[in-house]
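In case you want the letters, here they are:
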Amino acid sequence: MTDIVTGVAGFVGSTVAEELVSRGGDVIGIDSYHPYYSRQIKEHNIAQIEKTAQGAEGSFEMVEGSITQEKDLQKLPKDPKNVYHNAAIAGVRNSVENPAEYTKNNIYGTSNLIEYFDSIGQLIFASSSSVYGMVDEEDLPVEEDRELDPIAPYPQSKKHCEEMIKLYSDLYGFDYTILRYFTVYGPRQRPDEVFTKFIKMVLNDKPVTIYGDGEQSRDFTYVEDIVRANILAAEKGENETYNISTGRRITVNEMVETLDKVMEDDVEKKYVEQPEGDARHTHADNSKAKKELGFEPETDFKEGTRKCVEWAKKMREEGLI
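Let me sum up the structure you'll find in this document.

Conventions and cut-offs
- Residues numbered from 1 in each chain as written.
- Predicted model: local features only at pLDDT ≥ 70, side-chain atom pairs only at ≥ 80, totals over all residues.
- Heavy atoms only, no water.
- Helix = DSSP H or I, 4+ residues; strand = E, 2+ residues; numbered from the N terminus.
- Rg over C-alpha atoms; globule rule 2.2 N^0.38 Å.
- Contact = heavy atoms within 4.5 Å.
- Areas by Shrake-Rupley, 256 points an atom, 1.4 Å probe, with all protein chains shown as cover.
- Lys, Arg positive; Asp, Glu negative; His and termini not counted.
- Charge placed at Lys NZ, Arg CZ, Asp CG, Glu CD.
- Pairing = 2+ DSSP bridges.
- Axes fitted to C-alpha atoms, helices over the stretch in contact; angles between N-to-C directions.
- Salt bridge = Lys/Arg side-chain N within 4 Å of Asp/Glu carboxyl O.
- Buried < 20%, exposed > 50% of the residue type's maximum accessible area, 1.4 Å probe, protein only.
- 1 Å grid on protein atoms, 1.4 Å probe; cavity = no way out; pocket = protein on both sides within 12 Å on 5 of 7 lines; lining within 4 Å.
- Points joined across faces, edges and corners; volume = space filled by probe spheres on them.
- Nonpolar A, V, L, I, M, F, W, Y, C, P; charged D, E, K, R; others polar.
- Polar contact = N/O pair within 3.5 Å; in protein donor to acceptor, adjacent residues only side chain to side chain.
- Core = buried A, V, L, I, M, F, W, Y, C linked by side-chain atoms within 4.5 Å.
- Expected span 1.5 Å × (residues − 1).

**Some remarks on the overall build of the protein**
Logical step 1: Within the protein, the regular secondary structure consists of eleven helices and 13 strands.
Logical step 2: A globule of 321 residues ought to have a C-alpha radius of gyration of about 20 Å, and the protein, at 19 Å, matches this closely.
Logical step 3: Taking the principal axes of its C-alpha atoms as reference, the protein extends roughly 55 × 45 × 40 Å.
Logical step 4: Considering only contacts within the protein whose residues lie at least 6 apart along the sequence, 83% involve residues at least 24 apart.
Logical step 5: When the accessible surface of the protein is totalled, it reaches about 14,300 Å², and 43% of it is carbon and sulfur.
Logical step 6: One finds the centroid of the 38 positive side-chain charges in the protein at a distance of 3 Å from the centroid of its 60 negative side-chain charges.

Shown next, in the form of structure tokens:
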């Protein structure tokens, strides 16, 4: 049977699809190439999946289309093995400026996608740590049963999707796993994400712009660990929600220090006013995923940073970032 990966040209979607294909799976990916960022970058991601498919027992087929459009969904099988649902417009700040897009693409798109299928082995949904909203430091690490309090249209759309998936599972009889990702980094990261921006600044001999005092922290999670969680969810998930993270906090200042060591460059720093709307800290309790899925984050932060830098340099040489 065939797996479907939505948002397959994006950061996480393309990496999930490539791993499935390398394991011998047959994958159909769908992506609308939404102009939130460069189509060229997304096409580069697809080319990497196709290259892997050439040397693997698995297969890959690309469908250009939107999950909001019935005519595009009709290009997909009605009874997939699993659906890895990554398609969404991301970006907290962008969602404040364009809220209607997030309602249409993220919420309606998810509903439309689920309604299209006759049966699904399992739906693995890419949610976000941002659904928790602003969490006081004394309440960290955050657990899955914490009340959700999104503060922008993007995380609100993820919250709605989570609720919809649970309801539709009861109504239509399919299994699901909801994975709440915490600050994913790694090769293929979006150009507006902090790692890509910082590396690009250093490569262009510009100071790295740090908001506030730089002591805000994130539970940075390497993309290959995220992919591993998806595979485990397909194998073991059973209508549950999981935090997917390393379970450790790294400050922005520590992140820049790591970049400095990896790039062997005296990174210049520029501190600017902290914009409103960003959580001060993110930190997940991932013990549930460890216990029930057997999930263990494996990538050391410095090693993950090194892989990010290598990827960014290659992309820069090709004129893509």
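**Concerning the sheet that holds strand E11 (residues 240–244)**
Logical step 1: The parallel open sheet is built from seven strands, whose spatial order is E3-E2-E1-E4-E5-E6-E11. In this open sheet, the two edge strands, each paired with only one partner strand, are strand E3 (59–64) and E11. Shown here is a sheet whose adjacent strand axes are inclined to one another by a mean of 20°, direction ignored.
Logical step 2: The pairing of strand E4 (residues 82–85) with strand E5 (residues 122–128) spans four bridges and is parallel. Bridge pairing in E5 links Tyr 84 to Ile 124.

**Regarding the pattern of salt bridges**
Logical step 1: In total, this model carries 20 salt bridges according to the counting rule given.
Logical step 2: The salt bridge partner of Arg 39 is Glu 43, with a shortest N-O separation of 2.7 Å. On the criterion of helical spacing, the pair formed by Arg 39 and Glu 43 is a turn pair, its members being four residues apart in helix H2 (residues 39–54).
Logical step 3: Among the residues examined, Arg 39 registers a relative accessible area of 36% and is labelled partly exposed.
Logical step 4: Residue class for Glu 43 comes out partly exposed when judged on its relative accessible area of 36%.
Logical step 5: The partner of Glu 137 in a salt bridge is Arg 249, with the nearest N and O atoms 2.8 Å apart. Linking Glu 137 in the loop between E5 and helix H6 (153–172) with Arg 249 in the loop between E11 and strand E12 (250–251), this pair joins segments that are 112 residues apart in sequence.

**Brief notes about the layout of surface pockets**
Logical step 1: Counted as a void, the second largest pocket has a volume near 460 Å³.
Logical step 2: Glu 18, Pro 187, Arg 188, Tyr 222 and Glu 224 are, among the 20 residues lining the second largest pocket, the residues nearest its centre.
Logical step 3: Those elements that provide at least two residues to the lining of the second largest pocket are helix H1 (11–22), H2, helix H8 (223–236) and helix H11 (301–317).
Logical step 4: The dominant element in the lining of the second largest pocket, judged by the number of residues it contributes, is H11, at five residues.
Logical step 5: Looking at the lining of the second largest pocket, its residues break down into six nonpolar, four polar and ten charged.

**With respect to the environment of Tyr 242**
Logical step 1: Position of Tyr 242 relative to the elements: it lies in strand E11.
Logical step 2: Residues Tyr 242 and Pro 35 lie 207 residues apart in sequence; the distance between their C-alpha atoms is 30 Å.
Logical step 3: If we ignore the near neighbours within four places in the chain, the residues touching Tyr 242 are Glu 144, Thr 177, Ile 178, Leu 179, Arg 180, Lys 288, Ala 289, Glu 292 and Leu 293.
Logical step 4: A polar contact of 2.7 Å, which involves the side chain of Tyr 242, links it to the side chain of Glu 292.

**Points about the nonpolar core**
Logical step 1: By size, the foremost hydrophobic cluster in this structure holds 61 residues, and its most contacted members are Ile 199 and Ile 244.
Logical step 2: Take this core: its biggest share by element is seven residues, from H8.
Logical step 3: Those residues in contact with Ile 199 that sit more than four places away from it in its chain are Leu 259, Met 263, Cys 308, Val 309 and Ala 312.
Logical step 4: By size, the runner-up hydrophobic cluster in this structure holds 24 residues, among which are Val 63, Ile 67, Phe 125 and Phe 174.

**A short note on H2**
Logical step 1: If you check H2, its first and last C-alpha atoms are 23 Å apart, about what 16 residues at 1.5 Å a residue would give, namely 22 Å.
Logical step 2: For H2, every residue scored as buried is listed here: Ile 41, Lys 42, His 44, Asn 45, Ile 46, Ile 49 and Ala 53.
Logical step 3: Its side-chain oxygen placed 3.0 Å from the backbone nitrogen of Gln 40, Ser 38 serves as the N-cap of H2.

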